[in-house]
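Single-letter residue listing:
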Amino acid sequence: MRISIYRFNPELDVGPHMQDYDVDPDSGDKKLLDLLVRLKTIDDSLSFRRSCREGVCGSDAMNINGRNGLACLTALSTLKEPVLLRPLPGFPVIRDLIVDMTQFFAHYHAIRPYLINDEQPPERERLQSPEQRARLNGLYECILCACCSAFCPSYWWNPDKFIGPAGLLQAYRFISDSRDTASAERLAYLDDVYRLYRCRTIMNCTEVCPKGLSPSHAIERIRLALLRESS
Amino acid sequence: MPTPSPGRPRFLKLPSIRFPIGAFVSIGHRLSGVVLLIGLPFLAIALEQSLRSEADFAALAAQWAGPWRSLLLVIVVWAAAHHILAGVRHLLMDLGIGSTLTRARISAWATIVTAALIALSSAARWLS
Amino acid sequence: MRIFLGQRAWLLQRLTALLILLFVVLGAAGLLAGATPSYVQWHAFASSSLGAVLIVLFFGALCLHAWIGIRDIVLDYVHAPGVRLPLLALIGIILCAVLLRVALTMAAHFLPGA
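Criteria and thresholds
Residues numbered from 1 in each chain as written. Chains lettered and ligands numbered in written order. Predicted model: local features only at pLDDT ≥ 70, side-chain atom pairs only at ≥ 80, totals over all residues. Heavy atoms only, no water. Core = buried A, V, L, I, M, F, W, Y, C linked by side-chain atoms within 4.5 Å. Buried < 20%, exposed > 50% of the residue type's maximum accessible area, 1.4 Å probe, protein only. Helix = DSSP H or I, 4+ residues; strand = E, 2+ residues; numbered from the N terminus. Domains from an automatic or database assignment. Contact = heavy atoms within 4.5 Å. Buried area = accessible area lost by both parts, 1.4 Å probe. Salt bridge = Lys/Arg side-chain N within 4 Å of Asp/Glu carboxyl O. Polar contact = N/O pair within 3.5 Å; in protein donor to acceptor, adjacent residues only side chain to side chain. Phe/Tyr/Trp six-rings, centres within 6.5 Å; stacked < 30°, edge-to-face > 60°. Lys NZ or Arg CZ within 6 Å of the ring centre and 35° of its normal.

Caption draft 1: View of the nonpolar core. All names here are of chain A. With 71 residues, the main nonpolar core has I5, L36, L85, F91 and I222 as its most contacted residues. In terms of residue count, the dominant contributor to this core is helix α5 (residues 164–175) (six residues). Both domains that meet at this core, namely domain 1 (2–99) and domain 2 (102–230), each give it at least three residues.

Here it is as structure tokens:
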């Protein structure tokens, strides 16, 4: 199998280049990550992030044949050769397939990703009805792998100001939580030409989400919530 | 001592990225919007001319007769068709109609194909 | 400062779009039905107060819609303040000139004595 990988070593290289590898997958190699781990035994200078290898930690997000995805969830049998592996588009490259996620997580922190509730806590816990809990479905599953934000043109042009699909999906997760009392403040924070309204509903985010979530739908709901808020 | 790289590169070579169909509708929406914006001052001039006199009104249609000008007109027709169709698609999706991925893909294809067909039919009429 | 930036611009973009859509659909339906207006008909329409208001409203919606759209494009692609601000100003002036020209046309036409 031929794989062509984006290589960049800041201590040696002036700029990035593509390096070809020919490697035969073992019968046990099912996913792209299996092959990358095998490649690492051949060339230990190759760098990529990985941890859980089952689509939960979100660390092996990369651009695979032009689309963002998780190496651990991408079946080798679905890949067209040569397999082109590049780092997440638009993110600063630290080394090879490893990108700097600082800005991405700064946006995540800015939307205050925790329950805000100043009311007196009840004796045991804040209960939710099954319906209230169901509203978090499709939102809480986000693993912050950045596949969506790194595939969003609006995020490419304004990564410092636009919160991006991942951050906005997370924002909506807390806006729709019945236990959170800061919805109005959260919405007011988002009502900004950059933070929320850079989104042009291209839906690249939803196209590539490895968890099958729909950040574009969350953004649509935020805009409608803002509309209700102001009328 | 190796020479360290001056900064961190970013991978953002657009031709290397495999864009979904919705992205093509979106960039088409932008492009067509710019075309229509450029056409706007000419529309204002045409409005004045159309009201000036009967001869000027009649001359308006004749001005667009040449093959190159007809081609320009076809481009404007495509721009208007694509912009309006993509715009209606967005308005509906804003209200949650057709905003699931499968439906959005279908409406994206429909937008591109219909706008192209409208442009082609106007080309068949004016350029032949 | 929030008035024109976030939701207000997004909403105006959609309201003007609906207005433009209404005009274009009515106009296109008329043309496709074979009702190409004669000069006399067109002149009479533009001379009526309703016609004049509709024409000015149409161009007003077009200019506002175009302004929000092009501003979004500039915010995305043009980042140097030294380029962005003059570019936005130039486009704003052109759109105002278009509106002024339409207003003058209609005023001269609607008020022949003026």
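Caption draft 2: Just the interface of chain A and chain C, in detail. Between chain A and chain C, the contact holds 13 residues from the first and 13 residues from the second. Across the chain A/chain C interface, buried area totals approximately 1,400 Å², and carbon plus sulfur atoms make up 48% of it. Its largest share of buried area at the contact with chain C, chain A owes to W157(A), D191(A) and V193(A), together 34% of the area lost on that side. There are three salt bridges connecting chain A and chain C. For D72(C), the salt bridge is made with R198(A), and the minimal N-O distance between the two is 2.4 Å. The interface formed by chain A and chain C contains ten residue pairs in polar contact (both at pLDDT 80 or more). Take the side of chain A that touches chain C: its biggest share by element is four residues, from helix α8 (residues 215–230) of chain A.

Caption draft 3: Up close: unusual backbone geometry. Residues and elements named next belong to chain A. Cis geometry is found at the peptide bond from E81 to P82, where omega equals -5°. Its identity as a non-glycine residue notwithstanding, R53 has a phi of 55°, on the positive side. Here R53 lies in the loop between α1 (32–42) and β3 (61–64). Overall, the relative accessible area of 48% leaves R53 in the partly exposed class.

Caption draft 4: Structural context of the packing of aromatic side chains. Inspection of the entire model under this criterion finds 14 aromatic pairs over all chains. When the centroid spacing of 6.0 Å and the interplanar angle of 40° are considered together, the rings of F91(A) and Y155(A) count as tilted. Of the two residues, F91(A) is situated in the loop between β5 (83–86) and β6 (93–95) and Y155(A) in helix α4 (residues 153–157); the sequence distance between them amounts to 64 residues. For the pair formed by F91(A) and Y155(A), the shared burial category is buried. An angle of 75° between the planes, with centres 5.8 Å apart, marks the rings of F58(C) and F59(C) as edge-to-face. Grouping residues by exposure puts F58(C) and F59(C) together as buried. Positioned above the aromatic ring of Y140(A), the side-chain terminus of R133(A) is 4.8 Å from the ring centre. The ring of Y189(A) has R195(A) lying over it, and the distance from NZ or CZ to the ring centre is 4.0 Å.

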